[in-house]
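Here is how the chains run, residue by residue.
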Amino acid sequence: MQRIVILTGAGLSAESGLGTFRDKGGLWTKYDLEDVATPQGFAANPVLVHEFYNARRENCLQASPNPAHAALARLQAAMPGQVTLVTQNVDDLLERAGAGDVIHMHGQLMRALCAACGHRWDAPRVMQPHAPCPACARAATRPDIVWFGEFPYQMDRIDQALARADLFVAIGTSGNVYPAAGFVQEAALAGARTLELNLDASANAGLFDETRLGPASRIVPGWVEDILSATARP
Ligand code: APR
């Protein structure tokens, strides 16, 4: 039974029209991440932070999954229990392509979190600062996004999957942000083969056994077909 762990980044959703962060014209070239993606930024200016995530949520609602999202959903369905989908992305395009049980280690645009009581609920299309939490009524609601300096979600589950992986695949991520950028070494230490599918070589390209370069909407379906035809062979 082949166990595959897949880590995706902004490049997976780039062809769906959602911005990446560090490419030319990326989000961090337009906004200072300190202002909109840290707890300190949120404390200083919750209106700006809600506006930033409301705009990204709107972009996400207008976007559609691309062939790379669909290919990963197809792989997961064809190999039940063998594919762990971990994403740094906060969009829901994998789910809208039919994938299930996606591990959103950096949170989700479509979820809201109460900073006071920890309650989570489906985010309204436009989140207002000081809107009361549905559970405790305190005005402490925030997007359910993991900001810089906060702990990514479900790390125990991710570490367990990496420890048992036969194959680790990183798709559309620049390898700049930890702990995600360290997953390739964790998987390799556990004996997994490692593959990178990216538009350009990432910061940790040298750590992968194999790299395939190209747009995700082309190279991810191609890779999935390779895997499915290999597993179909007797
Ligand atoms: N197909 C495949 N890869 C692509 C495409 C594409 N069409 N377009 C861009 N890429 C690649 C780029 O070459 C780059 O390596 O996607 C990567 C995007 O890198 P980043 O913008 O750094 O995004 P990511 O790696 O997901 O950032 C990680 O940083 O700011 C935090 O929380 C944020 O989750 C994010 C994390």
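Because the structure is a prediction, the values reported are computed rather than measured.

Participant: Quick question: what am I supposed to make of the pairing of strand β6 (residues 141-145) here?
Facilitator: Remark: a regular strand shows side chains that alternate across the two faces of the sheet. Counting buried residues in β6 gives five out of five residues, a clear majority hidden from the surface. Note that strand β4 (residues 107-114) and β6 share four bridges and pair antiparallel. Counterpart to Cys 114 in the pairing with β6 is Thr 141.

Participant: I keep staring at the site of the ligand and nothing clicks. Help me out?
Facilitator: Taken together, 23 residues are adjacent to the ligand, and Phe 21, Arg 22, Trp 28, Thr 173 and Ser 174 come closest. Interatomic distance of 3.3 Å between a backbone N/O atom of Gly 172 and an oxygen atom of the ligand. One nitrogen or oxygen atom from the side chain of Asn 198 is found 2.9 Å from an oxygen atom belonging to the ligand. With the chains in place, 94% of the 740 Å² that the ligand exposes on its own is no longer accessible. Partitioning the shell around the ligand into residue classes produces nine nonpolar, ten polar and four charged. Structurally, the shell around the ligand is a two-domain feature, drawing no fewer than three residues from each of domain 1 (1-16 + 65-106 + 152-234) and domain 2 (19-62 + 107-145).

Participant: Help me understand the pairing of strand β7 (residues 167-171), please; the structure alone is not making it clear to me.
Facilitator: For β7, the tally of buried residues reaches five of five residues, placing the bulk of the element in the interior. Of the two faces of β7, the one lined by Leu 167, Val 169 and Ile 171 and the one lined by Phe 168 and Ala 170 are each fully buried. Two strands pair when backbone bridges link them, and strand β1 (residues 4-8) and β7 are joined in this way by five bridges, in the parallel orientation. Residue pairing across strands places Val 5 opposite Phe 168, the latter belonging to β7. Tracing the backbone out of β7, into helix α8 (residues 183-189) and back to the parallel element strand β8 (residues 193-198) gives a crossover that is right-handed.

Participant: So what exactly am I meant to see when it comes to the packing of aromatic side chains here?
Facilitator: By convention here, two paired aromatic rings are described through the distance between centres and the angle between planes. Evaluation of the coordinates by the stated rule reveals eight aromatic pairs. A centroid spacing of 5.2 Å and a plane angle of 40° characterise the contact between Phe 42 and Trp 147, whose relative ring orientation is tilted. In this pair, Phe 42 is assigned in helix α3 (residues 39-44) and Trp 147 in the loop between β6 and α7 (155-163), connecting sequence segments 105 residues apart. Accessibility classification places Phe 42 together with Trp 147 in one group, the buried group.

Rules used in this analysis
- Every chain begins its residue count from 1, and numbering advances along the sequence as written.
- The model is predicted, so local features are restricted to residues of pLDDT at least 70 and side-chain atom pairs to those at 80 or more, both for listing and for counting; the totals for chains, interfaces and linings are taken over all residues.
- The side-chain values count all of the structure's non-hydrogen atoms but skip hydrogen atoms and water molecules.
- Residue exposure (1.4 Å probe, protein chains only): buried if accessible area is under 20% of the type maximum, exposed if over 50%, otherwise partly exposed.
- The way it works is that DSSP assigns letters per residue, a run of H or I at least four long becomes a helix, a run of E at least two long becomes a strand, and they are numbered from the N terminus.
- A pair of strands is treated as paired once DSSP finds two or more bridges between them.
- For each residue, the test is whether any non-hydrogen atom lies within 4 Å of the molecule or strand; if one does, the residue is near.
- Here a polar contact means two N or O atoms within 3.5 Å. Within protein one must be a hydrogen donor candidate and the other an acceptor candidate, and residues neighboring in sequence count only if both atoms are side-chain atoms.
- Residue burial considers only the protein chains on display, and all accessible areas are found by Shrake-Rupley using a 1.4 Å probe.
- Three residue categories are used. Nonpolar comprises Ala, Val, Leu, Ile, Met, Phe, Trp, Tyr, Cys and Pro, charged comprises Asp, Glu, Lys and Arg, and polar comprises the others, including Gly.
- Residue ranges for the domains originate in an automatic or database domain assignment.
- The path from the first strand over the helix to the second decides the hand: if it runs clockwise while the strands point away from the viewer, the crossover is right-handed.
- Each Phe, Tyr or Trp ring (for Trp, its six-membered ring) is paired with any other whose centre lies within 6.5 Å, and the angle between the two planes then decides the class: stacked below 30 degrees, edge-to-face above 60, tilted in between.

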